[in-house]
Amino acid sequence: MRFILTFALAVPLLSQTVEDCHKHDHFGRRAEAKQCYEKLTASTNNAARAEGLWGLRQFKDANAAFRLAVAAAPKNANYRVRWGRLLLEGFNPKDASDLFQEALEIDPKNAQATLGLALVASDGFDSKAVELANKALELDPKLTEAQELLASLALEDNTPEKAIAEAEKALKMSPESLDAMAILGTIDLLRDKKSTPWFDGILKINPVYGEGYAVAGKFFVLNRRYVEGIEYYRKALALSPDDNASRAQLGVNLMRLGFEKEGRDQLVNCFEAGYRNALVTNSLTLMDSYKNFLTFKTENTIVKVHKKEAELIQPFVEAELKRAIATYEKKYKMKLTGPVQVEVYPDHEDFAVRTMGMPGLGALGVTFGNVVAMDSPSGRKPGTFHWASTLWHELSHVYVLSATNHRVPRWFTEGLAVHEETATAPDWGDRLDPEAIRAIKEKKLLPIATLDRGFIRPTYPTQVVVSYFQAGRICDYIAKTWSYDKLLDMMHDFAQNISTAEVVEKELGMKPEEFDKKFIAWLEAQTKTTVEGFDDWKKKIRLLAESAKTGPPEVVIKAGLLIRDVYPDYVETGSVYEFLYEAYMKKDDKPNAMAQLEKYSSVGGRSSVLIKKLATLQEEAGKKKEAAASLERLNYIYPFDEELHRRLGSLWLEQGNTKGAVAEFAAVIASKPLDQASSRFNLARALKSDNRIDDAKEQLLLALEAAPGYKPAQHLLLEMSGK
Amino acid sequence: MGCGLRLAFPLLLLSALGAHATTFCVTIAGLGGEPDYEQRFATWAKEIDQTLKAGGADIKSVTLAGPDATRARLRTALEAFAKEAKQQDSLVLMMIGHGSFDNVDYKINLPGPDVSATELATLLDRVPVGRQLVVNMTSASGGSLHALQKPNRTVITATKTGSEKNATVFARYWVEALRDSAADTDKNEVITALEAYKYAELKTKQFYETQKRLSTEHAALDGGDQSGPLLAARFSLLRIGSIQNAAKDPAKQALLAKREELEAQIDQLKFQKAATPLDEYKKRLSALLLDLARTQAELDK
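A.B. asks: Describe the state of the cysteines, and please don't skip the residues or the numbers.
C.D. replies: All names here are of chain A. As enumerated under the stated definition, the model contains one disulfide over all chains in all. Between C21 and C36 runs a disulfide, and the two sulfur atoms are separated by 1.9 Å. On the sign convention where negative is left-handed, the bridge of C21 and C36, at about -85° about the S-S bond, is left-handed. Placement of C21 in helix α1 (residues 15–26) and of C36 in helix α2 (residues 30–41) is noted, with a sequence separation of 15 residues between them. Of the two residues examined, C21 and C36, each falls in the buried class.

As structure tokens, then:
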């Protein structure tokens, strides 16, 4: 109910009527409000008519009426503001923002227009929202809606004390501020208080104000407490069944938790009622595509994969999921109550629908309760995505959210998940990237007590990524300086709804400020060489790239070795390792070429091309075990590679790893190779070695069916037939 | 490859092996325009040349790359083959480089004057072989299809039309097909034009999918008449095994005849697969395959 008393300024002649309509709304007198709006629609004043139509939810006609009003009075800033608010409600923030800007050009001190911009920024989790809301209040100290917005923004930033103060200010400005009361009630609920007076207070003023519970729903979802979020959206709808914004949120969150049937029904209801924003339409489109997915269930896992790649990817995902569950059960000392569902999307846009409207969530995977949604490696360029690392990261969230009953700050759950990636294998996880180097150098890392803000309302474009890095390193630091169990103790403290500052003090025995100092000192010592040498390294690697094109290999080697260890984590395209490898190969110095790629791989290099080259060199050098290990890394990065599976299968078979060989050759078949005969023959060989004779015979038959004259298969047939 | 084709294929292959025929090959790598392409085109042409020369004494190959890849030299090579070739022989022309199409005619970019598809067609028409294969792997090569179409001539192009003008990767995978035994999908130790085409087409498609790039080339194959890819399926590009040795040994003719008979029976059974109960199909197929394997073992002794 943000627009109460705002239109009085816009249309003075009709202000009494518009204000009356808004008052009816504010007090929940729906029939009277409807009647009032209907009267307005008969007005000859286009702006008043627009308000009437808007009140009756006739957005299209209201939009047309505002257009006429603005055309007739182009210098009226308030008409533009109200039109902008209509568009903002109608999912068109861009045009709304333009109208607010136009209003400010006409009237630079228009508080409503400034508030409009603050609301647009708030919807996009833009850090400018706070600044704009404060500015609106400066322009109009009685603008309660701006004060309510500040309370909401403070709670989004996970600073409840500040949110309480802001909400109390709003209540001083207007004791009947329903949204301020909703914020205060939500804080009580988030703190697990058994009762809160605020929602009863709201209902005394407006018995049908479901939007109050919708506020609670929103914050529970933002805090990843989806089950409770759903509960409050249901309460909101019970009071206000026409509130399609709440219905859409209910549908989406049901979908997120795997309740597809009800989720879909709710979203269809929204769609049919004309509520068709991107969240609703994209979610419905995604759910329509579920028919193309196959579901594989075991006792503790549910894997949902697109049928076009199911045969290949499902065995890898399921095996890794089970391995991760077994590991985390020991590490977190707990068992999950139900199976974990992992959904793998080959189309990134489908995955992205899952995170719509959620700030600071990973771009590769996301966890909702026991449901993990993630990109498929097929959806990304080879070498750009470590799917297994993402899976372990997300699964860590499942455990941490379950252990804390979803009462955990964002920085901790992300930090622990990042920590787990490299704990699983040192070459997993993300490397120290230029954004993090810059943040360390420019002292942009956030204090631990307010690190959540870096995820939710970043103040610079890469702050979310930097915050992931920082949170991960904080957990590394705690595990190293204290112990891994200390992290678990902190996790259990968070479950008691204790703040970060209190947890740091309790478990680490120091104030957060002191922790920050120690952590930063530790981090700076760890990254000193790279941070200090980064600018020089950037210049020199450009020169190295030029030299690598035409220069003699000796020059490249000398220059490369000088800078390689200044920034050893740089393993992207055009890394020093790559230049050194090529230079050594030009000199036919294979041992040194191999050594460069071995370092590249151990540091976390992910290029399929380079790692396959490494495996070739290792094979040539007789290091078959190492070659297999190199290729096996690629299974976790880009398994959609027939050659990879063929080579690894052969190596495993040679080394007596028959089960590994069977899995790899089965993956070759799943890749739908052109050469069916040799692929099936290889699988038959592996199955035979694994003593699966009947399966081997079946594959051999398929090989010879494709190519009856295939001699190696004929030899095996004769051998297996005892002839 | 349809079922009918599978039935016919082994016979056709053996009859082709029985006759003493020569395959005349011309490979031309046109102008690269920049060093990277120059080097790439010349390397591919060289690799094709090496592969063909290692493929058997029945292949006569001319490779034109760099400054040698001129219109005059191409004409000379084809005119020389025209004088030497006979009806039982085959001709293969492989073209690598950049092409252009002006909605009327296609041209391959060469040092000096370019050569148009129309002119190429005239030169090819003069070579009196029974079968021809043109593999035009340049950009815009689809624009040459119309001019080159002719009965008994298979035309493979890297692009479907003349409007696909970006540099192609098809040539890279065509070269790979000639070296990779995986291209020989029926494992008869012969890589046919159709097998090489399918290999290169699939790898090209996978290249664009993997790199997450919009595909700017779509390969095409024109069989030259109503038989579709039949001519390409019969066109032996490269022998990669010792199959021809057995054919030359009179003592093994009976075994060869038996093998041929068994292969025909297997093809017949596969043709009836849908109408045969699965267990029975497997039983009969296993027996035939075992017999075939024993026969082959005898042949290989």
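Having seen the structure, we can now continue with the description.
A.B. asks: Tell me about the interface of chain B and chain A, and please be specific about residues and values.
C.D. replies: The interface of chain B with chain A comprises 28 residues on the first partner and 25 residues on the second. By the criterion of area lost to chain A, the three top residues of chain B are K187(B), K212(B) and L289(B), representing 23% of everything that side buries. Where chain B packs against chain A, one counts five salt bridges. With its nearest N and O atoms 3.0 Å apart, the salt bridge here joins E705(A) to K273(B). For the side of chain B that touches chain A, the secondary structure elements donating two or more residues are α7 (193–210), α10 (253–271) and α11 (278–300) of chain B.

A.B. asks: Tell me what's going on with the sheet that holds strand β4 (residues 99–101) of chain B, and back it up with residues and numbers.
C.D. replies: Residue and element names in this part refer to chain B. Pairing within the open sheet is antiparallel, and its three strands lie in the order β4-β5-β6. For this open sheet the edge positions go to β4 and β6 (115–116), each flanked by a neighbour on one side alone. Taken together, the three bridges between β4 and strand β5 (residues 106–108) define a ladder with antiparallel strand orientation. Within the sheet, the bridge partner assigned to F101 lies in β5 and is Y106.

A.B. asks: Could you give an account of unusual backbone geometry, with specific residues and numbers?
C.D. replies: For D192(A), which is not a glycine, the phi torsion comes out positive at approximately 60°. Counting through the fold element by element, D192(A) comes out in the loop between α11 (178–190) and α12 (198–205). Note on D192(A): relative accessible area 37%, which makes it partly exposed. Positive phi values are uncommon outside glycine, yet N103(B) reaches one of about 75°.

A.B. asks: Describe the side chain of H645(A), listing the residues and the values that go with them.
C.D. replies: Residues and elements named next belong to chain A. The topology assignment puts H645 in helix α33 (residues 642–654). Of note is the side chain of H645, whose polar atom sits 2.7 Å from the side chain of E664. Apart from residues no more than four positions distant in its own chain, H645 is found in contact with L312, F316, N635, P639, E664, F665, A667, V668 and S671.

A.B. asks: An account of the packing of helix α5 (residues 77–89) of chain A against helix α6 (residues 93–106) of chain A is needed here, citing residue identities and associated values.
C.D. replies: All names here are of chain A. Orientation of α5 relative to α6, taken along the N-to-C sense of each, is 165°, at an axis distance of 8 Å. In terms of orientation, α5 lies roughly antiparallel with respect to α6. In the crossing of α5 with α6, the sense of the turn from one axis to the other is left-handed. In this structure, α5 uses A77, R80, V81, W83, G84, R85, L87 and L88 to contact α6, whose residues at the interface are P93, D95, A96, L99, F100, E102, A103 and I106. By residue class, the composition of the contact of α5 with α6 is eleven nonpolar, one polar and four charged.

A.B. asks: I'd like to hear about helix α15 (residues 244–256) of chain A, residue by residue, with values.
C.D. replies: Residues and elements named next belong to chain A. With 13 residues, α15 should cover 18 Å at 1.5 Å per step; its first-to-last C-alpha distance of 18 Å lies within 8% of that length. Of all the 13 residues making up α15, eleven are buried; the element is thus mostly covered by neighbouring parts of the structure. Here α15 has its buried residues at N244, S246, R247, A248, L250, G251, V252, N253, L254, M255 and R256. Phi turns positive one or two residues past the end of α15, at G258, with a value near 95°.

A.B. asks: Describe the packing of aromatic side chains, listing the residues and the values that go with them.
C.D. replies: Two descriptors summarise a pair of aromatic rings, namely the distance from one centre to the other and the angle between the planes of the rings. All names here are of chain A. Within the structure shown, the criterion is met by 40 aromatic pairs over all chains. With a centroid separation of 5.6 Å and 80° between ring planes, the pair formed by F681 and Y710 is classed as edge-to-face. With F681 in helix α35 (residues 676–689) and Y710 in the loop between α36 (693–706) and α37 (711–720), this pair connects stretches of sequence that are 29 residues apart. Y710 sits in the buried class, given a relative accessible area of 11%. Put simply, the rings of Y328, Y332, W387, W392, Y399, W428 and Y636 pair up and form one aromatic cluster. When the ring centre of F271 is taken as origin, the NZ or CZ atom of R276, which lies over that ring, is 4.1 Å away. Over the face of the ring belonging to Y460 we find K444, whose NZ or CZ atom lies 4.4 Å from the ring centre.

A.B. asks: Could you give an account of α36(A), with specific residues and numbers?
C.D. replies: In this model α36(A) runs 20 Å from its N-terminal to its C-terminal C-alpha over 14 residues, within 8% of the 20 Å that 1.5 Å per residue would give. Taken as a whole, α36(A) has its buried residues at A696(A), Q699(A), L700(A), L701(A), A703(A), L704(A) and E705(A). The secondary structure elements touched by the buried residues of α36(A) are α35 and α37 of chain A together with α10 and α11 of chain B.

A.B. asks: Describe in detail the sheet that holds strand β10 (residues 220–222) of chain B, supporting the description with residues and values.
C.D. replies: Residues and elements named next belong to chain B. Across the sheet, six strands lie side by side as β2-β1-β3-β7-β8-β10; this open sheet has mixed pairing. The open sheet terminates on both sides in strands that have one partner only, identified here as β2 (59–64) and β10. With direction set aside, neighbouring strand axes in the sheet form an average angle of 10°. Each of β7 (131–136), β8 (153–157) and β10 is contacted by α7, which is oriented at about 160° to β10, the strand it contacts most.

A.B. asks: An account of the packing of helix α31 (residues 608–620) of chain A against helix α32 (residues 624–635) of chain A is requested, with residue identities and associated values reported.
C.D. replies: Residue and element names in this part refer to chain A. Two elements in contact, α31 and α32, have axes separated by 8 Å at closest approach and are oriented at 165°. Judged on the interaxial angle alone, α32 and α31 are roughly antiparallel. The interaxial crossing formed by α31 with α32 has left-handed handedness. Residue-level contacts link S608, I611, K612, L614, A615, Q618 and E619 of α31 to K624, E626, A627, S630, L631, R633 and L634 of α32. A per-class count over the contact of α31 with α32 returns six nonpolar, three polar and five charged.

A.B. asks: Hey, could you go over the confidence of the model for chain B for me, with residue numbers and the actual values?
C.D. replies: All names here are of chain B. Per-chain confidence: chain B averages 87 in pLDDT, with 88% of residues scoring 70 or above. Across chain B, the element-wise mean pLDDT spans from 35 in helix α1 (residues 3–18) up to 97 in β5. With pLDDT under 50 throughout, residues 1–19 is counted as low confidence; its partners more than four residues away or in other chains account for 29 contacts. Across the interfaces of the predicted complex, the ipTM metric reaches 0.81, alongside a pTM of 0.84.

A.B. asks: Explain the nonpolar core residue by residue, including any values.
C.D. replies: Ranked by size, the top nonpolar core spans 205 residues in total, and within it Y332(A), W411(A) and F515(A) carry the most contacts. Ignoring anything within four residues of it in the chain, the contact list for Y332(A) reads S396(A), Y399(A), V400(A), L416(A), E420(A), Y484(A), L488(A) and M491(A). In this structure, C25(B), V175(B), L178(B) and Y199(B) belong to the second largest nonpolar core, which totals 41 residues.

A.B. asks: Describe the pairing of strand β5 (residues 371–375) of chain A, naming the residues involved and giving the relevant values.
C.D. replies: Residues and elements named next belong to chain A. For β5, the buried fraction is high: five of the five residues fall into the buried class. Burial along β5 is two-sided: V371, A373 and D375 and V372 and M374, pointing in opposite directions, are all buried. Of the strand pairs in this sheet, strand β3 (residues 340–345) and β5 are connected by five bridges, and their pairing is parallel. Looking across to β5, one finds that Q341 is bridged to V371. The pairing of strand β4 (residues 365–368) with β5 spans four bridges and is antiparallel. Each residue of the ladder has a partner; that of T367, found in β5, is V372. Count of turn residues in the β4/β5 antiparallel hairpin: two residues, of which G369 carries a positive phi of about 60°.

The rules we used
Residues numbered from 1 in each chain as written. Chains lettered and ligands numbered in written order. Predicted model: local features only at pLDDT ≥ 70, side-chain atom pairs only at ≥ 80, totals over all residues. Heavy atoms only, no water. Disulfide = S-S within 2.5 Å. Helix = DSSP H or I, 4+ residues; strand = E, 2+ residues; numbered from the N terminus. Buried < 20%, exposed > 50% of the residue type's maximum accessible area, 1.4 Å probe, protein only. Contact = heavy atoms within 4.5 Å. Buried area = accessible area lost by both parts, 1.4 Å probe. Salt bridge = Lys/Arg side-chain N within 4 Å of Asp/Glu carboxyl O. Pairing = 2+ DSSP bridges. Polar contact = N/O pair within 3.5 Å; in protein donor to acceptor, adjacent residues only side chain to side chain. Axes fitted to C-alpha atoms, helices over the stretch in contact; angles between N-to-C directions. Parallel < 35°, antiparallel > 145°, perpendicular 65-115°, else oblique. Left-handed = near helix turned anticlockwise from the far one by under 90°. Nonpolar A, V, L, I, M, F, W, Y, C, P; charged D, E, K, R; others polar. Expected span 1.5 Å × (residues − 1). Phe/Tyr/Trp six-rings, centres within 6.5 Å; stacked < 30°, edge-to-face > 60°. Lys NZ or Arg CZ within 6 Å of the ring centre and 35° of its normal. pLDDT = per-residue confidence, 0-100. Core = buried A, V, L, I, M, F, W, Y, C linked by side-chain atoms within 4.5 Å.

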